[in-house]
Each structure stands twice: as structure tokens, then as C-alpha cells.
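If you want the building blocks of each chain, they are given just below.
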Amino acid sequence: MKVKDAKFVMSNTDYTKCPEPNMPEYAFIGRSNVGKSSLINALTNRKSLAKTSGKPGKTQLINHFKINNDWYLVDLPGYGYASVSKTMRAEFQIFLRDYLVKRENLICTFVLLDSRLEPQKVDVEFMQWMGEKAIPFVMVFTKTDKLNSHTLLKNMKRYEEIMLESWEELPPRFYTSSTKKTGTEEILEFVGATNEDYHKK
Ligand code: GTP
Ligand code: MG
């Protein structure tokens, strides 16, 4: 699939105020600074459609982007952002949780994971929670340009082992770099195929 058109629609903290749920929707989630906004820009071939930053906690709202007038791409705040107050963090989590559980057109969530790190407890627990709530997701490893192929392979294998301790099978996995634009075609192909299934229903 080619991205011909990408538009920012609106920002929100309330899933009931998001755009009408009349198109398939894909959300990007993961720890702060993992590269969610950067990957959205890489996928849409725009420099600053989604705002990025070297400092964690840049994205604080549910941001809707309309792609090809056919589907929504959603940039979400990071979870596990330690420098905001506890109360703010709890509020964050409530609106994020509500959005993920209740948004009816959310057909797949991309869980972004830093390929440089060993499996992180917060990420593994988040995916566990998604599983318990039966929210479909795929795993997207980010920043693969920052490590050599040997270390990448080692880290990915470790992730698979840890996941298979509690999952019967693994969700689809994507390996990306926003700086090198690696993995973007695979993700767009996946979205294209999933959209087709959605429209058939
Ligand atoms: P929050 O909005 O704070 O939750 O962060 P985010 O997950 O949206 O991260 P963002 O896209 O803002 O990127 C964080 C930092 O990582 C920025 O400095 C990016 O330039 C950098 N970054 C993101 N993706 C890549 C990548 O694929 N390769 C490299 N080398 N750097 C990246
Ligand atoms: Mg962001």
C-alpha cells in the first residue's frame, strides 16, 4: 500500500470524543522515547506529521491521523513515563486503557519495543494485559539501525523465549528503523491486507 495522503485530524484524552469510528484504526503504543512518532513519520513519508523529541513524554494525547481517506493511524503517549507525577501517570493510564479497551474500530495495535534492550518488564506486562483483554496487537522492534545484526538477533531471540513462556504463539513481528526507513513497507503491506479483510466483513 502507498500512503498518498496523510492528515492530522485531532487530539484528545477521551475516546468518546475521537473521530467517528467509521474506518479501520491502528494505534502506536510503547514506552516513551521508543520511537512511535518517528515511525509514524517514516510510514507516511512526512518529516513532522507526528511531533517527535529526544526527551521522553513528547506525545501526551490520543492523536488521530487520517490516511488515504480510508484508515486512521493513532499516535499515543508512552506508558511508563517516570518524570510526570503519580496522579498524572494514573490519569494517563486510565484514558489510554479506556481507549484501547473501548474504541470499537481499533483493529490492531502496534506495540513498539526498543530492539537494543533485553525484554523489559513493563513491555512484557503490557502485552500480557492486552492478551487478557483480547486486544489484537503486533510487535514492532524499533531503532534497529543502532545495533549490529548479531546483537539484534540475540535480543529478538530473547524476546521470543520470554513471550513463549506465557503465549502459545507469537503475534506478527516487524523490525524497523525510522532513520533508515527499514520495515515500513512490511507494515504498510500488513495494514493494506488487514484493511481488505475489514472491508469484506
Ligand atoms: P513519546 O512521544 O515521548 O512517548 O516518544 P516516542 O515514542 O514518540 O519517540 P519519538 O518518535 O519522539 O523518538 C524519540 C527519539 O528517538 C528521538 O530523538 C528520535 O529521533 C529517536 N528515534 C526514533 N526512531 C529512531 C530510529 O529508528 N533510529 C534512531 N537512530 N533514532 C530513532
Ligand atoms: Mg511521541
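Everything below is about the structure printed above this text.
The rules behind the values
- Residues numbered from 1 in each chain as written.
- Chains lettered and ligands numbered in written order.
- Predicted model: local features only at pLDDT ≥ 70, side-chain atom pairs only at ≥ 80, totals over all residues.
- Heavy atoms only, no water.
- Near = heavy atom within 4 Å.
- Polar contact = N/O pair within 3.5 Å; in protein donor to acceptor, adjacent residues only side chain to side chain.
- Areas by Shrake-Rupley, 256 points an atom, 1.4 Å probe, with all protein chains shown as cover.
- 1 Å grid on protein atoms, 1.4 Å probe; cavity = no way out; pocket = protein on both sides within 12 Å on 5 of 7 lines; lining within 4 Å.
- Sits in = over half its atoms within 2 Å of the grid points.
- Nonpolar A, V, L, I, M, F, W, Y, C, P; charged D, E, K, R; others polar.
- Points joined across faces, edges and corners; volume = space filled by probe spheres on them.
- Helix = DSSP H or I, 4+ residues; strand = E, 2+ residues; numbered from the N terminus.
- Buried < 20%, exposed > 50% of the residue type's maximum accessible area, 1.4 Å probe, protein only.
- Lys, Arg positive; Asp, Glu negative; His and termini not counted.
- Salt bridge = Lys/Arg side-chain N within 4 Å of Asp/Glu carboxyl O.
- Contact = heavy atoms within 4.5 Å.
- Pairing = 2+ DSSP bridges.
- Axes fitted to C-alpha atoms, helices over the stretch in contact; angles between N-to-C directions.
- Phe/Tyr/Trp six-rings, centres within 6.5 Å; stacked < 30°, edge-to-face > 60°.

Engineer: Account for the site of ligand 1, with residues named and values stated.
Structural biologist: Around ligand 1 lies a shell of 22 residues, among which S38, G57, T59, D145 and S178 are the nearest. K143 places a polar side-chain atom, nitrogen or oxygen, 3.0 Å from an oxygen atom of ligand 1. Contacts to ligand 1 include S178, whose backbone N or O atom sits 2.7 Å from an oxygen atom. For ligand 1, whose accessible area on its own is 660 Å², the fraction buried by protein is 86%. Here ligand 1 is seated within the largest pocket. Here the shell around ligand 1 is built from residues that sort into two nonpolar, 14 polar and six charged.

Engineer: Give me the lowdown on the layout of surface pockets, citing residues and values where you can.
Structural biologist: The computed volume of the largest pocket comes to approximately 410 Å³. Lining the largest pocket are 27 residues, with N33, V34, G35, S38 and K143 positioned closest to its centre. Take the lining of the largest pocket: its biggest share by element is four residues, from helix α1 (residues 36-44). Of the residues that constitute the lining of the largest pocket, the class distribution is four nonpolar, 16 polar and seven charged. Each pocket or cavity is described by its volume, and for the second largest pocket that value is around 280 Å³.

Engineer: Could you give an account of the side chain of D75, naming the residues involved and the relevant values?
Structural biologist: You can see D75 is positioned in strand β4 (residues 71-75). Lacking a salt bridge, the buried D75 has K36 as its closest oppositely charged neighbour, with an N-O distance of 6.0 Å. A polar atom in the side chain of D75 sits 2.6 Å from the side chain of S37. If we skip the residues at most four places from it in the chain, D75 touches F28, K36, S37, I40, A50, T59, L61, I62, N63 and F65.

Engineer: Account for the sheet that holds strand β6 (residues 137-142), with residues named and values stated.
Structural biologist: The mixed open sheet is built from seven strands, whose spatial order is β1-β3-β4-β2-β5-β6-β7. The outermost strands of the open sheet, each flanked by one partner alone, are β1 (6-12) and β7 (173-175). Each strand axis lies, on average, 25 degrees off the axis of its neighbour in the sheet, ignoring direction. Bridge count between strand β5 (residues 106-114) and β6: six bridges; the pairing is parallel. Each residue of the ladder has a partner; that of T109, found in β6, is F137.

Engineer: Could you give an account of the packing of aromatic side chains, with specific residues and numbers?
Structural biologist: Counting across every chain of the model gives eleven aromatic pairs. Ring geometry for Y26 and W71: centres 5.6 Å apart, planes at 85 degrees, overall edge-to-face. On the criterion of sequence distance, the pair formed by Y26 in strand β2 (residues 25-30) and W71 in strand β4 is long-range, its members being 45 residues apart. According to the relative accessible area criterion, Y26 is buried, its value standing at 0%. What makes W71 buried here is its relative accessible area of 2%. Between F141 and Y159 the ring centres are 5.2 Å apart and the planes differ by 65 degrees, which places this aromatic pair in the edge-to-face class. On the criterion of sequence distance, the pair formed by F141 in strand β6 and Y159 in helix α4 (residues 149-164) is long-range, its members being 18 residues apart. Within the aromatic cluster, the residues linked to one another by ring pairs are Y26, F28, W71, F110, F174 and F190.

By themselves these figures say nothing about function.
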